[in-house]
Amino acid sequence: MSYQLYRNTTLGHTLQESLDELIQYNQIPTPLAQKVLLQFDKSMNNALANRLKSRLTFKAGKLHTYRFCDNVWTFLLNDVEFREVQEVAKVDKVKIVACDGKGAPTTVAGLRDPLLD
């Protein structure tokens, strides 16, 4: 099972909108769209866990908020500097969500009903 974090990315939103449209025009049934989203969750988690090779470090000027709920850490940071080898990027605010990738839960949810939009 996989976390559904990546459904809130541009790619995830686009996939979800496309599936909603296919359901609306009776091109695919809802259970198939749910299976596609579950496979997307698994594939994104797997790709990020196994295919990334680069490392990034960061330093925050201030930890604004932190939270731990349902094995998920959420950090809100201010004045953050990211470094990768020689590249540096500075941002005012960052939200980091960190999850345990080994025992990740998932639910069959997240599909919008196109008739209610």
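Scroll up to find the structure.
Residues numbered from 1 in each chain as written. Predicted model: local features only at pLDDT ≥ 70, side-chain atom pairs only at ≥ 80, totals over all residues. Heavy atoms only, no water.

Student: What is the right way to look at the packing of aromatic side chains in this model?
Tutor: For any two aromatic rings, the description comes down to two numbers: the centre-to-centre distance and the angle of the planes. The tally for this structure, following the rule as stated, stands at 4 aromatic pairs. Considering the side-chain rings of Phe58 and Phe82, the 5.8 Å spacing of their centres and the 45° angle between planes classify their relative orientation as tilted. On the criterion of sequence distance, the pair formed by Phe58 in strand β1 (residues 57–69) and Phe82 in strand β2 (residues 72–84) is long-range, its members being 24 residues apart. When its relative accessible area of 44% is taken as the criterion, Phe58 is described as partly exposed. Summarising the aromatic geometry, the rings of Trp73 and Phe75 are spaced 5.6 Å apart at their centres and angled 10° between planes, so their arrangement reads as stacked. Taking relative accessible area as the criterion, Trp73 reaches 36% and is therefore assigned partly exposed. By relative accessible area, which is 25% here, Phe75 ends up partly exposed. In this structure an aromatic cluster arises from ring pairing among Tyr66, Phe68, Trp73 and Phe75. (Phe/Tyr/Trp six-rings, centres within 6.5 Å; stacked < 30°, edge-to-face > 60°. Helix = DSSP H or I, 4+ residues; strand = E, 2+ residues; numbered from the N terminus. Buried < 20%, exposed > 50% of the residue type's maximum accessible area, 1.4 Å probe, protein only.)

Student: Quick question: what am I supposed to make of the pattern of salt bridges here?
Tutor: Within this structure, the stated rule accounts for 3 salt bridges. Arg83 is the salt-bridge partner of Glu81, the closest N and O atoms lying 3.0 Å from each other. We classify Glu81 as buried; its relative accessible area is 16%. Through salt bridges that share partners, Glu81, Arg83 and Lys90 make up one connected network. (Salt bridge = Lys/Arg side-chain N within 4 Å of Asp/Glu carboxyl O.)

Student: How should the sheet that holds β2 be read in this particular structure?
Tutor: Two pairing modes exist for strands in a sheet, parallel and antiparallel, and in both the strands are linked by backbone hydrogen bonds. If you trace the 3 strands from one edge of the open sheet to the other, you get β1-β2-β3, paired in antiparallel fashion. Both edges of this open sheet fall to β1 and β3 (87–99), since each of them pairs with a single strand only. Averaged over neighbouring strand pairs, the angle between their axes works out to 10° when direction is ignored. The pairing of β2 with β3 spans 12 bridges and is classified as antiparallel. Its bridge partner lying in β3, Glu81 is registered against Lys90. (Pairing = 2+ DSSP bridges. Axes fitted to C-alpha atoms, helices over the stretch in contact; angles between N-to-C directions.)

Student: Is there a simple way to think about a nonpolar patch on the surface in this case?
Tutor: Together, Leu63, Tyr66, Phe68 and Trp73 make up an exposed nonpolar region whose accessible area comes to about 440 Å². Of the residues forming the nonpolar patch, the biggest block, 3 residues, is contributed by β1. Take Trp73: it is sitting in strand β2. (Patch = residues over 30% accessible without salt bridge, like charges linked within 9 Å, V, L, I, M, F, W, Y side chains within 5 Å. Areas by Shrake-Rupley, 256 points an atom, 1.4 Å probe, with all protein chains shown as cover.)

Student: How do you make sense of helix α2 (residues 30–50) when you look at a structure like this?
Tutor: In an α-helix, one full turn covers 3.6 residues, which means residues spaced three or four apart are oriented alike. Taking 1.5 Å per residue as the helical rise, α2 with its 21 residues ought to reach 30 Å, and the 30 Å between its terminal C-alpha atoms agrees with that figure. When α2 is considered as a whole, its buried residues turn out to be Ala33, Leu37, Phe40 and Asp41. One side of α2 carries all its buried residues, which in axial view fall inside an arc of 95°. Across from the buried face of α2, at angles greater than 90 degrees, the exposed residues are Lys35 and Ala49. (Expected span 1.5 Å × (residues − 1). Arc of directions from axis to C-beta.)

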